[in-house]
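Survey of secondary and tertiary structure
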Amino acid sequence: MNPFHHGVAITGQEFCPRPELVSTLRGHIDSNQNCVIRGVRRIGKTSAVLETLRTHKKAKYIYVNCWGKLDVDSLASAIYEAFLIHQQRQGLSIEKIIRGFAHLRPKVALDPYSGEPTFTVDTRADTAQDPRSIERVLDTLAHEGEKCPLVVVLDEFQALLTLPQAEALMATMRGAIQLQSHVTYFYLGSTRNLMDQIFNSPDRPFYKSAASVNVEPIERSVYIPYIKDKFATGKRGASSAALAAIFDAACDITGDVQQLCSEIWNFTNQGETIKTETVPHGLERIHRAEHESNSRIIELLTPGQVRVLVGLARVGGTSPTSKEFLKASGVAQPSSVTRAINRLSDRGLIYNSPEGYRFFSPFFRTWLLTQEL
Ligand SMILES: Nc1ncnc2c1ncn2[C@@H]1O[C@H](COP(=O)(O)OP(=O)(O)OP(=O)(O)O)[C@@H](O)[C@H]1O
Ligand SMILES: [Mg+2]
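Residues numbered from 1 in each chain as written. Chains lettered and ligands numbered in written order. Predicted model: local features only at pLDDT ≥ 70, side-chain atom pairs only at ≥ 80, totals over all residues.

Concerning the overall build of the protein
Cut-off, in case you're wondering: Starting at the N terminus, helices and strands are each numbered in turn, a helix being any DSSP run of H or I of at least four residues and a strand any DSSP run of E of at least two. Here the radius of gyration uses the C-alpha set of atoms, whereas the globule reference equals 2.2 Å times the residue count to the power 0.38. Each residue is classed by its C-beta neighbour count within 10 Å, where at least 20 other C-beta atoms makes it buried, 12 or fewer makes it exposed, and intermediate counts make it partly exposed; the C-beta atoms are placed from backbone geometry. By the convention adopted here, residues are in contact when the distance between their C-beta atoms, placed from the backbone, does not exceed 7 Å.
Regarding its fold elements, the protein presents 16 helices and 11 strands. Taking 21 Å as the expected radius of gyration for a compact globule of 373 residues, we find that the protein reaches 23 Å, a close match to that expectation. Here the C-alpha coordinates of the protein stretch approximately 60 × 55 × 35 Å along the principal axes. Within the protein, the proportion of its 373 residues that are buried is 38%. The long-range fraction of contacts in the protein, counting pairs at least 24 apart against all pairs at least 6 apart in sequence, stands at 72%.

Describing the packing of helix 6 (residues 134-147) against helix 7 (residues 166-177)
Test applied: Fitting a line to C-alpha atoms yields each axis, with helices limited to the stretch in contact; the angle taken between N-to-C directions then spans 0 to 180 degrees. Any angle that is under 35 degrees is reported as roughly parallel, and any over 145 degrees as roughly antiparallel; angles of 65 to 115 degrees are reported as roughly perpendicular and all others as oblique. A clockwise turn of the near helix away from the far one marks a right-handed crossing, whereas an anticlockwise turn of less than a right angle marks a left-handed crossing. The residue classification treats Ala, Val, Leu, Ile, Met, Phe, Trp, Tyr, Cys and Pro as nonpolar and Asp, Glu, Lys and Arg as charged. All others, Gly included, are polar.
Following both chains from N to C, one finds helix 6 and helix 7 inclined at 30°, their axes separated by 9 Å at the closest point. One finds that helix 6 runs roughly parallel with respect to helix 7. In this structure, helix 6 crosses over helix 7, and the sense of that crossing is right-handed. Contacts between helix 6 and helix 7 involve I134, E135, L138 and D139 from the first element and L169, T172, M173, A176 and I177 from the second. Grouping the amino acids of the contact of helix 6 with helix 7 by side-chain chemistry returns 6 nonpolar, 1 polar and 2 charged.

Digging into the sheet that holds strand 5 (residues 150-155)
The following threshold applies: For two strands to pair, DSSP has to find at least two bridges joining them.
Ordered by their spatial adjacency, 5 strands build an open sheet running 2-5-6-1-7, and the pairing between neighbours is parallel. The sheet is open, and its two edges are formed by strand 2 (60-65) and strand 7 (211-214), each paired on a single side. For this sheet the average axis-to-axis angle between neighbouring strands, irrespective of direction, equals 20°. Note that strand 2 and strand 5 share 6 bridges and pair parallel. When the sheet's bridge partners are listed, V64 is paired in strand 5 with L154.

Quick look at the nonpolar core
What counts here: For the purposes of this analysis, a nonpolar core is taken to be any set of buried Ala, Val, Leu, Ile, Met, Phe, Trp, Tyr and Cys residues that are connected through C-beta atoms within 7 Å. Start and end positions for the domains come from either an automated domain assignment or a database one.
Within the largest apolar cluster, 95 residues are counted, with the highest numbers of intra-cluster contacts made by V153, F186 and I246. For this core, the element with the most residues is helix 3 (residues 72-89), which contributes 9 residues. Taken together, domain 1 (17-214) and domain 2 (301-373) each give at least three residues to this core, which thus spans both.

What to know about the site of ligand 1
Here is the rule we go by: We count a residue as near a molecule or strand when its backbone-placed C-beta atom lies within 6 Å of that partner.
Residues in contact with ligand 1 amount to 21 residues; listed here are only the nearest, C16, G44, T46, S47 and G255. The set of elements that each furnish at least two residues to the shell around ligand 1 consists of helix 2 (45-55) and helix 11 (254-267).

Some words on the domain arrangement of the protein
When its domains are assigned, the protein resolves into domain 1 (17-214) and domain 2 (301-373). For domain 1 and domain 2, the distance between their C-alpha centroids amounts to 35 Å. Contacts between the two partners involve 4 residues from domain 1 and, on the opposite side, 4 residues from domain 2. A per-class count over the side of domain 1 that touches domain 2 returns no nonpolar, 2 polar and 2 charged.

Here's the deal with the pairing of strand 4 (residues 117-120)
Alignment of strand 3 (residues 107-110) against strand 4, held across 4 bridges, turns out to be antiparallel. Opposite V108, over in strand 4, you have F119 as the bridge partner. Connecting strand 3 to the antiparallel partner strand 4 that follows it, the hairpin turn spans 6 residues, and G115 within it adopts a positive phi of roughly 80°.

In structure tokens, the structure reads:
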């Protein structure tokens with residue numbers, strides 16, 4: 001069986017140890033410190049937080065994914081639904097949950113994969129799309145926090161910026177949260193500029209309201225042996241140079257390393273040693289699998305934006321308005337590059353880092369390099 005997993009949060013035995021990060025997060029839970037947890041996509045934010053909570057002796061948690069919520073009502077429902085799962089984990093029977101929270105009109109279903117109960121609630125009558133109604137939802141969490149140390153994980157928190165009345169909603173949330181001394185809030189997000197908008201803009205309600213934790217790549221000295229062990233479970237060896245090539249291609253992004261390893265696993269056999277020459281074949285397979293979705297992304301861009309994107313892929317993003325960059329990308333004006341870069345950042349294809357503009361997905365970049373654009 002392929003031992004590599006990507007695209008899902010990893011906890012327990014599969015979790016490659018990150019003692020420093022876990023200890024920092026644990027410290028924030030113990031001192032009741034709200035914190036914002038940032039890091040690029042697929043770096044391991046959700047996994048690290050869930051693993052910290054799983055191994056914490058006392059804290060209970062509520063996990064809410066803010067992604068895809070369309071309005072106040074769907075956010076309120078998601079929080080209540082997570083709250084009911086927490087009640088169930090605390091040992092409350094389904095009958096008691098249904099009776100005790102009848103005002104939420106809960107319905108129960110069994111998750112087809114885990115077999116665990118999941119809940120849906122109907123809060124429309126309660127919230128009526130009023131941003132202030134979120135206060136009542138958060139009050140429920142505050143009461144719970146008085147009974148046991150509680151961490152509320154709001155994953156993909158930046159997605160709330162797209163909700164109607166986002167500003168009023170955030171102001172209400174901030175107001176309620178700052179009065180809660182028994183609940184710790186973890187806000188997770190990967191879109192750097194949006195998370196900065198929320199937590200680093202003086203005119204925003206959440207300005208400097210939380211400690212900051214950055215999730216960086218796992219050190220190679222730790223992650224390479226972990227990956228090597230996984231290959232060994234299928235009697236595959238891997239040369240040091242091949243492993244370095246895998247990490248380079250994946251830009252050390254935790255999930256991307258596993259995605260590439262997973263592909264390599266699929267076309268190699270027991271007894272084989274993975275060599276440097278094996279890695280490009282793995283990349284090709286990823287490019288083939290992602291070709292259609294990548295092409296659709298390109299179709300939505302203007303020719304100028306495509307030129308800048310290809311330029312970034314070829315020469316890197318340290319100085320995109322330099323003469324060298326303009327020449328390589330075939331764009332006449334630095335101002336056109338700046339405009340294109342802003343649009344590409346808004347679309348989530350690139351982001352600004354201390355090392356310049358970078359691609360959100362290293363394999364999207366390497367795919368671009370194989371295209372005649
Ligand atoms: N500690 C870890 N040990 C092993 N693999 C990990 C670890 N953390 C993350 N991964 C790998 O990275 C992938 C993405 O992890 P996770 O979903 O936690 O990242 P994320 O930063 O929350 O991503 P996103 O920005 O997409 O929400 C996992 O599926 C797994 O392949
Ligand atoms: Mg995540």
